[in-house]
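# A structural walkthrough
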Amino acid sequence: TIKTKSKERSQADIYILMEHKSYRDSKVLVQMLMYMALMWQKDVNEKKPLRVILPYVFYHGEEKWTVPHSFVEQFNVEDEIKGFLLDYRYLLFDTWEWDMSDSSNEEIRKNYFLFSALALMKYVQNKDLSGIESLFRYWSETGFIHHPELFMVCLLYISEKKDMEPEELKKLFEKSKIDGGEIMPTLAQRWIDEGKQYGRKEGRQEGERLKKLEIARNM
C-alpha cells in the first residue's frame, strides 16, 4: 500500500524496473522509457489503472557513471522549454560509490553471498588486488568458505574476470589464512571440466589452458 494524494493509504501496483549495466550507456533513459511505455500500453489495453513504475539502474563498470539521472537533463535547452518536456528520474546503484567497509553495510554483511557479489562486481574491475584481498579476509572472518557451492561461484568469477593464475589464488588464500588445501583441487577440477567442454568445440586452443589447470589441481 502507498499514500495517495488524499493522504490515505490504498492498494497500488508498483513495478520495479531494473536495468543492469556494465558500461556507461547514454541511451539508458530512452531504453527504460520504452519499457515503461510498453507496460503502460498493456495497462491501457486491459483497461487497468496505470501502474507505478520505479526505474532502477544497477551499474558496475570500469568507469564512473556520468549519465544524467533525469530524462529532461539530456536536452540542452532553457528551463522555460524544459517545463514542456517529458521527464522522469531513475534510481541508481553504482558500485563505484559503494564502500564495503562503510558502517551502513552492517545488515548486508550478514547476507554473505549478496555482500560478496557486490564486492566482486566493484573490485574485479580494479587492476590491483587490494579490494579482492579485503574480500578474502571477509570470507575468512565470516566463515563464508563453509558454503562451498556459493564460495566456488565467487572464486570462478574472480579467476575468469581477473584471468588469474592458480599461483595468484594460492597467495590470496595464504594472506587471508584460508586453508586452500581442499578448495584448490575442487576449483581446479571445475576449471578442467569446463575447459574440456569448451575444448571439444575449440580444439587445440584450450590445450595451454588445460595444462595450467592441471598444475592448479596438483597444487
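Whatever comes next refers back to the structure up there.
Quick summary incoming for the structure in this document. Every value quoted in this text rests on a predicted model; they were computed, and no experiment measured them.

### Some words on the side chain of Arg51
In this fold, Arg51 is placed in the loop between α1 (28-45) and β4 (52-59). If we ignore the near neighbours within four places in the chain, the residues touching Arg51 are Asp13, Tyr15, Met39, Trp40, Lys42 and Asp43.

### A closer look at α1
A turn of α-helix holds 3.6 residues, and therefore any two residues three or four places apart point the same way. Relative to the 26 Å expected for 18 residues at 1.5 Å per residue, α1 spans 26 Å between its end C-alpha atoms, a close match to the ideal helical length. Looking at α1, one finds that the buried residues are Val28, Leu29, Gln31, Met32, Leu33, Met36, Met39 and Asp43. Lining the buried residues of α1 we find β3 (14-21) and β4. Directly beyond the C-terminal end of α1, a positive phi value near 55° is found at Lys47.

### Observations concerning the sheet that holds strand β5 (residues 91-94)
Within a sheet, neighbouring strands are paired by backbone hydrogen bonds and run either parallel or antiparallel to one another. Pairing is parallel across the open sheet formed by three strands, whose spatial order is β3-β4-β5. Edge positions in the sheet fall to β3 and β5, since each has one partner strand and no second. For this sheet, the mean inter-axis angle between neighbouring strands, taken without regard to orientation, is 20°. By the bridge criterion, eight bridges tie β3 to β4 in an arrangement that is parallel.

### So, a negative patch on the surface
Together, Glu160, Asp163, Glu167 and Glu168 line one region of the surface with negative charge. On the accessibility criterion, Glu160 (55% relative accessible area) is exposed.

### Topic: the pairing of β4
Remark: a regular strand shows side chains that alternate across the two faces of the sheet. Running through α1, the crossover from β3 to the neighbouring parallel element β4 is right-handed. Of the strand pairs in this sheet, β4 and β5 are connected by four bridges, and their pairing is parallel. The residue bridging Tyr59 from the neighbouring strand is Asp94, located in β5.

### A short note on the packing of aromatic side chains
Counting across every chain of the model gives 13 aromatic pairs. With 6.2 Å between their ring centres and 70° between their planes, Tyr112 and Phe144 make a pair best called edge-to-face. A residue pair is termed long-range when its members are at least 10 positions apart, and Tyr112 in helix α3 (residues 112-123) and Phe144 in the loop between α4 (130-142) and α5 (148-162) qualify at 32 residues. Residue classification places Tyr112 among the partly exposed positions, given a relative accessible area of 26%. Ring centres of Phe144 and Phe151 lie 6.0 Å apart, and the angle between their planes is 85°; on these two criteria the pair is classed as edge-to-face. You can call Phe144 buried: its relative accessible area is 0%. Of the residues examined, Phe151 reaches a relative accessible area of 1% and is grouped as buried. The rings of Trp98, Tyr112, Phe115, Phe136, Tyr138, Trp139, Phe144, Phe151 and Phe173 are connected pair by pair, giving a single aromatic cluster.

About the cut-offs
- Counting from 1, residues in each chain are numbered in the order their sequence is written.
- Since the coordinates come from a predicted model, pLDDT governs what is reported: local features require at least 70, and pairs of side-chain atoms require 80 or more to be given and counted, while whole-chain, interface and lining totals use all residues.
- The basis for every side-chain value is the complete set of heavy atoms in the structure, and neither hydrogens nor water enter the calculation.
- We count a stretch as a helix when DSSP gives it H or I for four or more residues in a row; a strand needs E for two or more, and each element gets its number in order from the N terminus.
- In this description, contact between two residues means that some pair of their heavy atoms is separated by no more than 4.5 Å.
- Given a helix with a known number of residues, its expected span is that number minus one, times 1.5 Å.
- Type-normalised accessible area, obtained with a 1.4 Å probe on protein chains alone, sets the label of each residue: buried when under 20%, exposed when over 50%, and partly exposed for intermediate values.
- When DSSP finds two or more bridges between two strands, those strands count as paired.
- Fitting a line to C-alpha atoms yields each axis, with helices limited to the stretch in contact; the angle taken between N-to-C directions then spans 0 to 180 degrees.
- Nonpolar side chains (Val, Leu, Ile, Met, Phe, Trp, Tyr) within 5 Å and like charges within 9 Å form the patches, drawn only from residues with over 30% relative accessible area and no salt bridge.
- Here, Shrake-Rupley sampling with a 1.4 Å probe gives the accessible areas, and only protein chains in the shown set may cover a residue.
- Each salt bridge in this description consists of a side-chain nitrogen of Lys or Arg and a carboxyl oxygen of Asp or Glu lying within 4 Å of one another.
- Under this rule, positive means Lys or Arg and negative means Asp or Glu; His and the chain ends count for nothing.
- For this purpose, a charge sits on NZ of Lys, CZ of Arg, CG of Asp or CD of Glu.
- Look down the strands so they point away from you; if the path from the first strand over the helix to the second goes clockwise, the crossover is right-handed.
- Classification of ring pairs rests on two measures: the distance between centres of Phe, Tyr or Trp rings, Trp counted by its six-membered ring, which must be within 6.5 Å, and the angle between planes, read as stacked under 30 degrees, edge-to-face over 60 and tilted in between.

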